[in-house]
Amino acid sequence: MGQGESKPQGESKPQSTPAAPMGPDGKPKKICCSCPDTKKLRDTCIAERGEEHPYCQSLIEAHKACLRVEGFNV
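For every chain, the first residue of the written sequence is number 1, and numbering continues from 1 along that sequence. Only residues with pLDDT of at least 70 get local features here, since the model is predicted, and only at 80 or more are side-chain atom pairs given and counted; chain-wide, interface and lining totals rely on the full set of residues. Excluding hydrogens and water, the side-chain values take into account all heavy atoms of the structure.

Here, the term disulfide refers to a pair of cysteine sulfur atoms separated by no more than 2.5 Å. Taken as a whole and assessed by the stated rule, the structure comprises 2 disulfides. The disulfide partner of Cys45 is Cys56, and the gap between their sulfur atoms is 1.9 Å. On the sign convention where negative means left-handed, the S-S torsion of about -90° between Cys45 and Cys56 marks this disulfide as left-handed. Taken together, the residues span a long stretch of sequence, with Cys45 in helix 1 (residues 36-49) and Cys56 in helix 2 (residues 54-69) at a distance of 11 residues. Each helix is a run of DSSP H or I of at least 4 residues and each strand a run of E of at least 2, with the numbering of both proceeding from the N terminus.

Quick look at the environment of Leu59 now. Tracing the backbone shows Leu59 in helix 2. The spacing of Leu59 and Asp43 is 16 residues in sequence and 8.9 Å in space, taken between C-alpha atoms. Should any heavy atoms of two residues lie within 4.5 Å, those residues are considered in contact. Leave out the neighbours within four places in its chain, and Leu59 touches Leu41, Arg42 and Cys45.

Turning to the environment of Asp43, a few remarks are in order. Residue position: Asp43 is located in helix 1. Here the term buried applies to any residue with accessible area under 20% of the maximum for its type, exposed to any over 50%, and partly exposed to those in between, with areas from a 1.4 Å probe on protein chains only. The partly exposed category is assigned to Asp43, whose relative accessible area is 34%.

Here you go:
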């Protein structure tokens, strides 16, 4: 853009991704390693029954809740 020009309406700067929550060791937590118990139950259910099964849906929501407690925005 040249001098005196402005951004067109509706254009905004890209949103940055939120920083990962920090672990007790001062390093960022990894979502893949958080909540292993709920993750294992969720993954097993999906493999055996499918993602749309009502029981699996409750396990998926439980895993998301656990991740939120750990500080992830899911």
